[in-house]
Structure formats: structure tokens, C-alpha cells
Amino acid sequence: MAPVVRIYSEPDPILIERTQYGESYAYYRIYVTDNGIGFDQKYAEQIFEISKRLHHHDEYEGTGIGLAFCKKIVEQQDGFISARSEPDQGATFIVSLPSKSTLKKEKEAASFN
């Protein structure tokens, strides 16, 4: 089966944060879906640990550090990452990031204080 990856985004309808300056900003979700091997949902948190692999290295290529790097980068941007999957049904990775324009305003306001 040929690999298929789909990427799309939407505003997060629930997650809104208040800044220390009384402003609110929304998060946006970025979805990355694939038609790969998938995984059991009970491992959804473990796959973001460094060098955590759900399969033996002889079965599938990779070092087991890619998703750990993704998590670190997303968290450095005040975001969140999660995953949904079922075995043999592909996976969906969800990255939630705060609105950049609002964060820029917050940083500018902080530089004046």
C-alpha cells in the first residue's frame, strides 16, 4: 500500500488561555494523519518518550527519537502534542499551538513594562 499523509488545521474550539496582561489567545490544532501501521491507543503517551519503540528495530526502520523531538519542540512553543490510533488503521498526531499573533503582542507589552 502506498503511504498517504494528510495535514490540515483548525482553531481549537475549547482551548483558550489568559495571559498575565488580561488578554486571551486561542490555540490552533494541526493534524497529521497517515495510513501506516498504527498502534494500540494504550501506548499513546509512551511513543513520545526518547528511544521508545513499539516494534523491534528489525521490523521497522527508525531510531525512536523523532516523536520525542517533536514533543520537545512543541512544548518549547507552549504547545501540546497527542496521538490517536488503532493497530493497522494508521495514526493521527495532533499538535496544538498558541496563536502567534497574540503571543507577539504579549511579548511586546512585556518589553514596555
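Predicted, not measured: the structure shown is a model, and the values here were computed from it. (Residues numbered from 1 in each chain as written. Predicted model: local features only at pLDDT ≥ 70, side-chain atom pairs only at ≥ 80, totals over all residues. Heavy atoms only, no water.)

**Looking at the overall build of the protein chain**
Heads up, the rule is: Here a helix means four or more residues in a row that DSSP labels H or I, a strand means two or more in a row labelled E, and each is numbered from the N terminus. The cut-offs for exposure are 20% and 50% of the maximum accessible area for each residue type, with area from a 1.4 Å probe on protein chains only; residues under the lower value are buried, those over the upper are exposed, and the others partly exposed. In this description, contact between two residues means that some pair of their heavy atoms is separated by no more than 4.5 Å. Only the protein chains shown count as cover for residues, and all accessible areas are computed by the Shrake-Rupley method using a 1.4 Å probe.
The helix and strand tally for the protein chain stands at two helices and four strands. Across the protein chain, helices and strands are ordered from the amino to the carboxyl terminus as β-β-α-β-β-α. Counting only residues that meet the buried cut, the protein chain has 27% of its 113 residues in that class. Pairs at least 24 residues apart make up 55% of the contacts formed inside the protein chain by residues separated by at least 6 positions. Total accessible area on the protein chain is roughly 8,200 Å²; 53% of this is exposed by carbon and sulfur atoms.

**Some thoughts on the pattern of salt bridges**
Test applied: Just to be clear on terms, a salt bridge is a Lys or Arg side-chain nitrogen sitting within 4 Å of an Asp or Glu carboxyl oxygen.
Using the criterion set out here, one finds three salt bridges in the structure. Across the pair R29 and D12 runs a salt bridge, and its minimum N-O distance is 3.0 Å. With a gap of 17 residues between them, R29 in strand 2 (residues 24-34) and D12 in strand 1 (residues 5-18) connect regions that are remote in the sequence. Residues participating in the shared-partner salt-bridge network are E10, D12 and R29.

**Digging into the side chain of T33**
Its place among the elements puts T33 in strand 2. Look at T33 and you get buried, because its relative accessible area is 16%. When neighbours within four sequence positions are excluded, T33 is seen to be in contact with V4, V5, R6, Y8, A91 and T92.

**Overview of the nonpolar core**
To be explicit about the condition: By nonpolar core is meant a set of buried Ala, Val, Leu, Ile, Met, Phe, Trp, Tyr and Cys residues that side-chain atoms within 4.5 Å join together.
One finds F39, A44, I47, F48, V74, I81, A83, A91, F93 and V95 forming the largest nonpolar core, which totals 10 residues. Put simply, the parts of the chain that give this core at least two residues each are strand 3 (80-85) and strand 4 (91-98). Examining the composition of this core, we find that three residues originate from one element, strand 4, more than from any other. With residues near it in sequence (within four places) discarded, F48 still touches L67, A68, K71, I81, S82, A83 and F93.

**Observations regarding unusual backbone geometry**
One non-glycine residue, D78, adopts positive backbone phi at about 60 degrees. Residue placement: D78 occurs in the loop between helix 1 (66-76) and strand 3. Of note, the phi angle at D88 is positive, near 65 degrees, even though the residue is not glycine. Mapping D88 onto the fold places it in the loop between strand 3 and strand 4.

**What about the environment of I94?**
Its place among the elements puts I94 in strand 4. On a C-alpha basis, the gap between I94 and R84 in space is 8.2 Å, while along the polypeptide they are 10 residues apart. Those residues in contact with I94 that sit more than four places away from it in its chain are R29, I30, Y31, F80, I81, S82 and R84.

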